[in-house]
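In case you want the letters, here they are:
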Amino acid sequence: MIRLDGVTKIYGDDTVAVDQVSFEVAKGDFVFLVGQSGSGKSTLLRLMSREEIATEGDVWVAGRNLSEMAASRVPYLRRSLGNVFQDYKLLLNKTVFENVAFALEVIGKPRHVIREQVPIVLELVGLADKTERFPNQLSGGEQQRVSIARAFVNRPVILLADEPTGNLDPATSEGIMSLLEEINETGTTVVMATHDHRVVNTMRRRVIQLDRGVVVRDQERGVYE
Amino acid sequence: MLARIEYALRETWASFRRNFTLTLAAVLTSAIALLLVGATFLIQRAFENLLVQWRGDVAMIVFVRSDASPEQVALIDSTLRAAPSVIDVEKIRYLDKTESYAEAQRIFAGDPVTLSLLTPETIPTQFKVVPITEDADLVRSLAGQYRTLPGVEAVALAEDEFEVISTLSRFVRTVTLIMSLVLLVVAVGLIWNTIRTAMFARRREIEVMKLVGATNWFIRVPFMLEGLLQGLIGGVVSCFGVWALNSAWTSGVATFKPGTGISSLVVPSGYLSGVVVILLALGALVGAIGSAIAASRFLDV
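Residues numbered from 1 in each chain as written. Chains lettered and ligands numbered in written order. Predicted model: local features only at pLDDT ≥ 70, side-chain atom pairs only at ≥ 80, totals over all residues.

Engineer: Explain the overall build of chain A to me, please; I cannot follow it from the model alone.
Structural biologist: A count of helices and strands for chain A gives seven helices and 10 strands. A compact globule built from 225 residues would reach a C-alpha radius of gyration of about 17 Å, and chain A, at 17 Å, matches this within 12%. Dimensions along the principal axes, computed over C-alpha positions, put chain A at roughly 45 × 40 × 30 Å. Taken over 225 residues, chain A has a buried fraction of 44%. Restricting the contact set of chain A to residue pairs at least 6 apart, pairs at least 24 apart contribute 67%. (Helix = DSSP H or I, 4+ residues; strand = E, 2+ residues; numbered from the N terminus. Rg over C-alpha atoms; globule rule 2.2 N^0.38 Å. Buried ≥ 20, exposed ≤ 12 C-beta atoms within 10 Å, placed from the backbone. Contact = placed C-beta atoms within 7 Å.)

Engineer: How should the overall build of chain B be read in this particular structure?
Structural biologist: When you go through chain B residue by residue, the secondary structure sums to 10 helices and four strands. Shown N-terminal to C-terminal, the secondary structure of chain B runs as helices and strands in the order α-α-β-α-β-α-α-β-α-β-α-α-α-α. Taken against the 2.2 N^0.38 rule, which gives 19 Å for 301 residues, the C-alpha radius of gyration of chain B at 28 Å runs more than 25% over that of a compact globule. C-alpha atoms of chain B, sized along the principal axes, occupy 90 × 40 × 30 Å. For chain B, buried positions account for 37% of its 301 residues. A separation threshold of at least 6 residues defines the contact pool for chain B, and within that pool the share at least 24 residues apart is 87%.

Engineer: I would appreciate a short explanation of the sheet that holds strand E6 (residues 81-85) of chain A in the present structure.
Structural biologist: Residue and element names in this part refer to chain A. One open sheet holds the six strands; their spatial order is E6-E7-E8-E3-E9-E10, and the pairing between them is mixed. Every other strand in the sheet has two partners, leaving E6 and strand E10 (214-219) as the edge strands with one partner each. In this sheet, neighbouring strand axes are inclined to one another by 15° on average, regardless of whether the strands run parallel or antiparallel. Alignment of strand E3 (residues 30-34) against strand E9 (residues 206-211), held across four bridges, turns out to be parallel. Directly across from Phe32, in E9, lies its bridge partner Val207. Of the strands in this sheet, E6 and strand E7 (158-162) are in contact with helix H5 (residues 140-152), which crosses E6 at around 165°. Seen against the sheet, helix H6 (residues 170-185) touches E3, E7 and strand E8 (189-194) and runs at an angle of roughly 150° to E8. (Pairing = 2+ DSSP bridges. Axes fitted to C-alpha atoms, helices over the stretch in contact; angles between N-to-C directions.)

Engineer: Help me understand the sheet that holds strand E2 (residues 93-95) of chain B in this model?
Structural biologist: Paired through their backbone hydrogen bonds, the strands of a sheet run either parallel or antiparallel. Residues and elements named next belong to chain B. Ordered in space as E2-E3-E1-E4, the four strands form an open sheet in which the pairing is antiparallel. In this open sheet, the two edge strands, each paired with only one partner strand, are E2 and strand E4 (152-157). In this sheet, neighbouring strand axes are inclined to one another by 20° on average, regardless of whether the strands run parallel or antiparallel. As judged from the three bridges shared by E2 and strand E3 (residues 125-129), these two strands associate in the antiparallel manner. Bridging from a neighbouring strand, Leu95 pairs with Gln126 of E3.

Engineer: How should I be thinking about the interface of chain B and chain A in this particular structure?
Structural biologist: One frequently used descriptor of interface size is the decrease in accessible area upon assembly of the parts. Contact residues are listed per partner, giving 14 residues for chain B and 15 residues for chain A. When residues in the side of chain B that touches chain A are grouped by element, the largest group, six residues, is from helix H8 (residues 203-211) of chain B. Classifying every residue of the side of chain B that touches chain A by side-chain character gives eight nonpolar, two polar and four charged. (Nonpolar A, V, L, I, M, F, W, Y, C, P; charged D, E, K, R; others polar.)

Engineer: Could you clarify how one ought to interpret unusual backbone geometry in this entry?
Structural biologist: Comment: phi is negative for the bulk of residues other than glycine, and the bulk of peptide bonds are trans. Residue and element names in this part refer to chain A. With phi around 50°, Arg155 is a residue other than glycine that occupies positive phi space. Examined against the element boundaries, Arg155 turns out to sit in the loop between H5 and E7. Take Arg155: there are 14 C-beta atoms within 10 Å of it, and that puts it in the partly exposed class. Despite not being glycine, Glu163 has its phi angle at roughly 50°, a positive value. Inspection of the secondary structure assignment puts Glu163 in the loop between E7 and H6.

Engineer: I would appreciate a short explanation of the environment of Thr202 of chain A in the present structure.
Structural biologist: Tracing the sequence through the fold places Thr202 of chain A in helix H7 (residues 197-203). With 14 C-beta atoms packed within 10 Å, Thr202 of chain A lands in the partly exposed category.

Engineer: Is there a simple way to explain the domain arrangement of chain B in this structure?
Structural biologist: Residues and elements named next belong to chain B. Structurally, chain B comprises domain 1 (2-52 + 163-297) and domain 2 (54-159). Relative to domain 2, the C-alpha centre of domain 1 lies at a distance of 43 Å. In this complex, domain 1 contributes 14 residues to the contact, which on the side of domain 2 involves 13 residues. Elements with a contribution of two residues or more to the side of domain 1 that touches domain 2: helix H2 (20-51) and helix H9 (216-253). For the side of domain 1 that touches domain 2, the leading source of residues is H2, giving three residues. Considered class by class, the residues forming the side of domain 1 that touches domain 2 number eight nonpolar, five polar and one charged. (Domains from an automatic or database assignment.)

Given below as structure tokens:
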């Protein structure tokens, strides 16, 4: 589903964010990218959603080589990806329903699809009773659920999550993680960057550890060290 | 498809309301710029009424009395052709009564009093003469001779009538043209700035849109539509302005003394409709250019 082949990313002239990274993620996998701030976790996620282009090496996502992908094809790649962020990136002037509907609207989905799909996903993330609230009227955990609903509403094959529990307390984080697990069980590949020990240690999933842009550990059913 | 169009229109309208003052400035500037463009066209066309009889380097017109006999006309013709060193005999043109009457209707377009005195029967016919010499005095002395020929009513020289109007017309055209060009550039800049501001105000939305896979065109279209609409509204406003100006001018010059030439400075309504179409198209173009530049440059947020 995802394959990195000797990927190097250099920002500017000499800031090496990712250095000769290679690994593969199979379909339906759940993978943690762990490491300290600045270790290159976010850069890897950005390379996978082609917000960045590798300086060297190839990034394959869903059968496509992103290094050779034309800019005009990128939107179509993004439609098969879901993105979740630490800061949710919700639109504050739109309701929960509108935020999720927006993701379908801007890729030109007809209205009946939106009316049908959005409630299903909001039910899945447990916000069926808060569809008309605005983001500011929700807790952090609820806002992250909205953002996950938005990422998942188009049924992506891959979900990329960058520190999704970074702003949340342990109990709320647990809820978010079980939601991501549920999404993973539908066959969606999940790649999550985090430095949340607790989350990684409870889940016991594959762990790829980065240190200054280099993979230092790749372990099935790993823990945070 | 319908959902996309609806989306684009809704976003355009929302942005219009959000940036009301900036939008107003952009619309008014394009309106004023286009108004000047329109005025340039009208002024030019109005002057042409006066200049039409001198078109094609004509420097001398020999008016022939309406009751002149064919022999007298033939004599004038042969006299003109007898001076090939001064006159370009190839270009001598004789306007009969019908042609002269048609021309007079343009010259006296805004002067119904004079026009009503003229009929195709009583109008003088005319010879249009193009000199080949640069020597104005030579042409003038020749004109003096022609005045004495039987059947000649009058001889008019471009030097006396045409030069002043022509120079004035050229001057006015240059000034209005430069001013309208400058203002058009300003209008493009203001629309560019409005769209840029609108995009900046919605940068979070644009970021999310790109994230979930909206195409660049999908993101751009509402903004480009917004700019186009601003230019177009400016065009509509300028059309009203041009129409009002023209009406005021036309009724104003109608009160001038006939025969002063001022009253000829009017344009036919058909021409006015043409100018309106040009202004609307130009307005839309200005908006499209301004917003296209903004939308293509500021999409990376």
